[in-house]
Amino acid sequence: CNNKRLDLVFIIDSSRSVRHYDFEKVKEFILTILQFLDISPDATRVGLIQYGSTVKQEFSLKTFRWKQDIERAVRRMMHLATGTMTGLALQYAVNIAFSETEGARPLRQNVPRIIMIVTDGRPQDPVTEIAAKARNSGILIFAIGVGRVDMNTLKSIGSEPHEEHVFLVANFSQIETLTSAFQTKLCAQDLCAVEKHACEQICVNTPGSYVCQCYEGYELDANGKSCVVVDYCALDNHGCQHECVNTEDSYYCRCHPGFILNPDKRTCGKPDYCSLQDHGCEQECVNTDDSYFCRCQEGFRLNPDKKTCKNKDVCNSVDHGCEHICVNTDSSYLCQCYEGFVLRDDKKTCKRCTEGPIDLVFVIDGSKSLGEDNFETVKQFVSGILDTLEISPKAARVGLLQYSTEVRTEFTLRQFSSAKDMKKAVSQMKYMGRGSMTGLALRQMSERSFTETEGARPFSANVPRISIVFTDGRAQDEVSEWATRAKQRGIIIYAIGIGKAIEEELLEIASEPSYKHLFYAEDFTALEDISEELRAQIC
């Protein structure tokens, strides 16, 4: 395709149903297409969007100038493995990917705009309307379906004639067979540039020919060349502040509920209900969308008549004696504590809710599947929990095991008596990065970590024994027996599973009831939410 001017955006289905090795085949297909494109800012520009439940732009039409940079970005692309929001992806392409700010060339330059979309399933959102909008805006769409895709859905996405733009293959291995067809189509001569096409607004190349299309708000006349207005409101100059409403030969402006049209018939204003009537408010009148309400100044409270006010800031008018926070009530006040503290029996002063004694052992997955970066995230998660505990021999004692193919005691319950030393040990912890022997780790936690030799307090002291077990995948050994033994020994186990962790396995590990002791998240970004919930449970 020497010197061929194209703005080409790939839209790739990255849903859960696309298996990892199939996703790799799609990447190979893209790399093959790139081979015959003349990629440079003046010839072909390439962007790539992948979508699941959300849309992720991997790179825009202006991100990369050269082919090798695009190839590197395609190879690095990670599988999202979520839902199938095809309509959302097309919407993103129309509104953002093909905007001039993202690198698309202006429509007046007649550079063909092309979407190549690859999908393997039914969309979970509407596609017909947004696909039509894309095509009407001058975008040529090639729709490639794999496996059990509904042909009608593909046809509602792809450009016409469908036999030129809609393709269905049985599986991802067959997608490569389409390469030569696309080489012919994408490298076809740019007839819009060399012929007197007479299109009034937009000329779009098709294989061996061209078609005329119109801007939003217009439709193609019967002559196939000129454009007529059908949607006056879609034109840029209607000037309506809120809503524009089409009529047969023009339009008018309308306001949202609770607003009235100003004399200019374009802008909207809110009725000032407070000035239109005798509101009767003693202190302040506040307008709402369709009425008004009375409000009192600071230190006053509205009476039951909803009009007059009374001084009711008890907290500021008496010596309340609250150590942290005083809160006014209807007839008096009450004391509250800052987060992480609870009210003492005197209902005035506060104590940290973690002052009580606790023996806590972390059991951390250090297997290869976790990865260095996520291991660092887990270390931060552990430090966050430590921040909420009062670490001392009399209050919270904490130990930590890391496991992979073997189990390593990073520190015992007796090793550190301050949070500072403990957090330093966590930050210096080295990632093991091998297998995943969760059962072996549970055994060591159960049989050794809570012994008096390693620093646990005796059973007679009635100190809660808690273990937080963290895993990101299937164990390579038996977990049920050792989890059961640990729980029989009075150890409360919280199980945290991330990503590919197995629910059945987490249920075997966690104490009952599972809704209190089992936490799961699809990825490591959700650890902060889990951390907050877990802190509250431990407290």
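Calculation notes
- Residues numbered from 1 in each chain as written.
- Predicted model: local features only at pLDDT ≥ 70, side-chain atom pairs only at ≥ 80, totals over all residues.
- Heavy atoms only, no water.
- UniProt positions renumbered as here; feature names shortened; annotations may be inferred.
- Helix = DSSP H or I, 4+ residues; strand = E, 2+ residues; numbered from the N terminus.
- Expected span 1.5 Å × (residues − 1).
- Buried < 20%, exposed > 50% of the residue type's maximum accessible area, 1.4 Å probe, protein only.
- Contact = heavy atoms within 4.5 Å.
- Domains from an automatic or database assignment.
- Phe/Tyr/Trp six-rings, centres within 6.5 Å; stacked < 30°, edge-to-face > 60°.
- Lys NZ or Arg CZ within 6 Å of the ring centre and 35° of its normal.
- Pairing = 2+ DSSP bridges.
- Axes fitted to C-alpha atoms, helices over the stretch in contact; angles between N-to-C directions.
- Disulfide = S-S within 2.5 Å.
- Salt bridge = Lys/Arg side-chain N within 4 Å of Asp/Glu carboxyl O.

- As named in an unreviewed UniProt entry, the protein chain is MATN4 protein, taken from Helopsaltes ochotensis.

**Looking at the UniProt feature "domain: VWFA" (unreviewed entry) in the protein chain**
- Here, the residues flagged by UniProt with the feature "domain: VWFA" (unreviewed entry) are residues 7–182 and 359–534.
- Counted over residues 7–182, helix gives 35% and strand 22%. Its end C-alpha atoms are 15 Å apart.
- For the annotated span residues 359–534, helix accounts for 37% and strand for 22% of the residues, and the straight-line distance between the end C-alpha atoms is 15 Å.

**Things to note about helix H1 (residues 20–35)**
- For H1, spanning 16 residues, the distance from its first C-alpha to its last is 23 Å, which sits close to the expected 22 Å at 1.5 Å a residue.
- Among the residues making up H1, those that are buried are Asp22, Phe23, Val26, Lys27, Phe29, Ile30, Leu31, Ile33 and Leu34.
- Contact partners of the buried residues in H1: strand E1 (6–13), strand E2 (44–51), helix H2 (67–76), strand E4 (113–119), strand E5 (139–146) and helix H7 (179–186).

**Quick word on the domain arrangement of the protein chain**
- When cut into domains, the protein chain gives domain 1 (6–187), domain 2 (314–350) and domain 3 (358–538).
- Once you take the C-alpha centre of each, domain 2 and domain 3 turn out to be 36 Å apart.

**Concerning the packing of aromatic side chains**
- Under the criterion given, the structure shown has eight aromatic pairs.
- Ring geometry for phenylalanine 375 against tyrosine 431: centres 5.0 Å apart, planes inclined by 35°, an arrangement best described as tilted. Taken together, the residues phenylalanine 375 in helix H11 (residues 372–387) and tyrosine 431 in the loop between helix H12 (419–427) and helix H13 (438–449) connect sequence positions 56 residues apart.
- Since its relative accessible area comes to 0%, phenylalanine 375 is described here as buried.
- The buried category is assigned to tyrosine 431, whose relative accessible area is 19%.
- Both rings, one in phenylalanine 381 and one in phenylalanine 470, keep their centres 6.2 Å apart while their planes meet at 50°; by these two values the pair is tilted. Pair noted here: phenylalanine 381 is in helix H11 and phenylalanine 470 is in strand E26 (residues 465–471), with a separation of 89 residues, a long-range link. Each of the two residues, phenylalanine 381 as well as phenylalanine 470, counts as buried.
- Through pairs of rings, three or more aromatic residues link up here, namely Phe29, Phe142, Phe167 and Phe182.
- A cation sits over an aromatic face here: arginine 465 above phenylalanine 459, 4.1 Å from the ring centre.

**Comments concerning the sheet that holds E4**
- Spatial ordering of the open sheet is given by E3-E2-E1-E4-E5-E6, a layout of six strands whose pairing is mixed. In the strand order of this sheet, the two ends are held by strand E3 (55–59) and strand E6 (166–169), each with one partner. Along the sheet, successive strands turn relative to each other by an average axial angle of 20°, direction set aside.
- As paired strands, E4 and E5 are joined by seven bridges and run parallel to one another. Of the residues in E5, the one forming a bridge with isoleucine 114 is leucine 140.
- On the sheet, H7 packs against E1, E4, E5 and E6 and is oriented at approximately 175° with respect to E5.

**Here's the deal with the state of the cysteines**
- Counting across every chain of the model gives ten disulfides.
- What pairs with cysteine 315 in a disulfide is cysteine 326, and their sulfur atoms sit 1.8 Å apart. Across the S-S bond linking cysteine 315 and cysteine 326, the dihedral sits near -80°, which makes this disulfide left-handed. Of this pair, cysteine 315 sits in helix H10 (residues 314–317) while cysteine 326 sits in strand E19 (residues 325–328); the two residues are eleven residues apart in sequence, bridging distant segments of the chain. Cysteine 326 carries the same exposure label as cysteine 315, and that label is buried.
- Each sulfur of the disulfide joining cysteine 322 and cysteine 335 lies 1.9 Å from the other. Across the S-S bond linking cysteine 322 and cysteine 335, the dihedral sits near -75°, which makes this disulfide left-handed.

**A short note on the pattern of salt bridges**
- Within this structure, the stated rule accounts for 17 salt bridges.
- One salt bridge in this structure joins arginine 19 and aspartate 22, with 3.4 Å as the shortest N-O distance.
- Among the ionic pairs, arginine 295 bridges to glutamate 284, the shortest N-O distance being 3.0 Å. Taken together, the positions of arginine 295 in strand E16 (residues 292–295) and glutamate 284 in strand E15 (residues 284–287) put the pair eleven residues apart, joining distant regions of the chain.
- By relative accessible area, which is 42% here, arginine 295 ends up partly exposed.

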